[in-house]
Amino acid sequence: MTIHNGYHAFDFADLSAREAYKVMIGTIVPRPIAWVTTISPDGIANAAPYSFFNCLSADPPILALGVENKPDRSFKDTAYNIRMTECFTVNIVDRANVAAMSVTAANFAPQVDELQMAGLTAVAGDRVACPRIAEAPVAFECERYLGISVSSAREIILGRILRAHIREDIIDPDTFYSDHEKLDALGRMGGNGYAGTFDYFDLPTPSVEDVPHPGKKHITVGNS
């Protein structure tokens with residue numbers, strides 16, 4: 001590590017995996033949370049939250065999960081179930097469900113149904129074999145599109161969205177605009193931290209003609 005012009009410079013080649021993880025999760029924030037539901041080949045439902053998650057493409061509609069393997073490099077239930085069934089559902093976490101989401105993050109044995117442990121309701125998927133969470137405000141039914149083993153410790157899973165379930169008070173079906181206050185989604189911060197999405201402002205993309213010339217004062221936004 002070096003210090004230059006007021007910045008710490010970290011060479012990731014010199015960091016341990018744990019140190020790199022802490023640097024990333026503390027600064028790449030807030031990260032959306034994928035509350036992933038799957039089903040085992042034996043029919044046992046599984047639920048677990050992942051914050052290495054985002055949407056990557058709308059055409060085709062693709063989202064991505066980063067799933068860490070167990071310390072012995074065997075697959076976690078989520079990754080194993082997706083490999084075996086070729087499907088999963090991403091449920092969005094809102095403030096009302098944060099306590100239940102936290103329960104599903106516990107390290108239960110594979111034969112335990114996390115949805116039952118958290119007092120949640122499983123709803124059968126329309127297009128996939130695995131359930132969605134009835135209490136979640138949004139759920140995306142996905143088929144496995146591609147799996148990328150980036151190392152023995154982690155896999156990136158791309159899923160193609162087949163169907164979305166969005167609570168009726170959140171989205172306008174004519175304009176397809178969603179109300180972020182009704183959604184009340186949570187994001188993941190570093191450590192044990194979470195952040196809400198109510199700190200919100202609009203900022204239209206300017207035209208080239210509206211961009212200030214160098215040296216002129218730029219527009220301030222939000223709480224600046």
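Right, let's walk through the structure included here. It should be emphasised that the depicted structure is a prediction, and the values quoted were computed from it without experimental measurement. (Residues numbered from 1 in each chain as written. Predicted model: local features only at pLDDT ≥ 70, side-chain atom pairs only at ≥ 80, totals over all residues. Heavy atoms only, no water.)

1. Re the overall build of the protein chain
When its secondary structure is counted, the protein chain shows five helices and 14 strands. Oriented by its inertia axes, the alpha-carbon framework of the protein chain measures out at about 65 × 50 × 30 Å. In the protein chain, of all internal contacts separated by at least 6 residues, the share reaching a separation of at least 24 is 59%. Just so you have it, the protein chain exposes about 13,900 Å², and 54% of that area is on carbon and sulfur atoms. Distance between charge centroids for the protein chain: 5 Å, based on 19 positive and 28 negative side chains. (Helix = DSSP H or I, 4+ residues; strand = E, 2+ residues; numbered from the N terminus. Contact = heavy atoms within 4.5 Å. Areas by Shrake-Rupley, 256 points an atom, 1.4 Å probe, with all protein chains shown as cover. Lys, Arg positive; Asp, Glu negative; His and termini not counted. Charge placed at Lys NZ, Arg CZ, Asp CG, Glu CD.)

2. Focus on the sheet that holds strand 13 (residues 186-188)
One open sheet holds the three strands; their spatial order is 3-13-14, and the pairing between them is antiparallel. Each of the sheet's edge strands pairs with one partner strand only, and the pair in question is strand 3 (31-32) and strand 14 (194-196). Sheet topology note: the strand 13/strand 14 ladder contains three bridges and is antiparallel. Looking at the pairing, Gly187 lines up with Ala195 of strand 14. (Pairing = 2+ DSSP bridges.)

3. Quick word on the sheet that holds strand 12 (residues 154-166)
Spatially, the seven strands line up as an open sheet ordered 5-4-8-11-12-7-6, and their pairing is antiparallel. Only two strands of the sheet have a single partner each, and these edge strands are strand 5 (45-50) and strand 6 (53-58). Put simply, the sheet's adjacent strands are angled 35 degrees from each other on average, direction ignored. The sheet contact formed by strand 11 (residues 138-149) and strand 12 spans eleven bridges and is antiparallel. By the bridge assignment for strand 12, Ile148 is matched with Ile156. Sheet strands touched by helix 2 (residues 77-85): strand 4 (34-39), strand 5, strand 7 (61-68), strand 8 (87-92), strand 11 and strand 12. Its angle to strand 4, the strand with the most contacts, is close to 50 degrees. (Axes fitted to C-alpha atoms, helices over the stretch in contact; angles between N-to-C directions.)

4. Things to note about the pattern of salt bridges
Taken as a whole and judged by the stated rule, the model has six salt bridges. Ionic pairing is found between Arg154 and Glu68, a salt bridge with its closest N-O pair at 3.8 Å. Of this pair, Arg154 sits in strand 12 while Glu68 sits in strand 7; the two residues are 86 residues apart in sequence, bridging distant segments of the chain. A salt bridge links Asp184 to Arg95; the shortest N-O distance between them is 3.3 Å. Remark: Arg95 occurs in the loop between strand 8 and helix 3 (98-104) and Asp184 occurs in the loop between helix 5 (180-183) and strand 13; sequence separation between them is 89 residues. (Salt bridge = Lys/Arg side-chain N within 4 Å of Asp/Glu carboxyl O.)

5. Examining the state of the cysteines
Considering all chains together, one arrives at zero disulfides under this definition. Distance from the sulfur of Cys55, which forms no disulfide, to the nearest cysteine sulfur (Cys142) is 11 Å. Assessed through its relative accessible area of 0%, Cys142 is described here as buried. (Disulfide = S-S within 2.5 Å. Buried < 20%, exposed > 50% of the residue type's maximum accessible area, 1.4 Å probe, protein only.)

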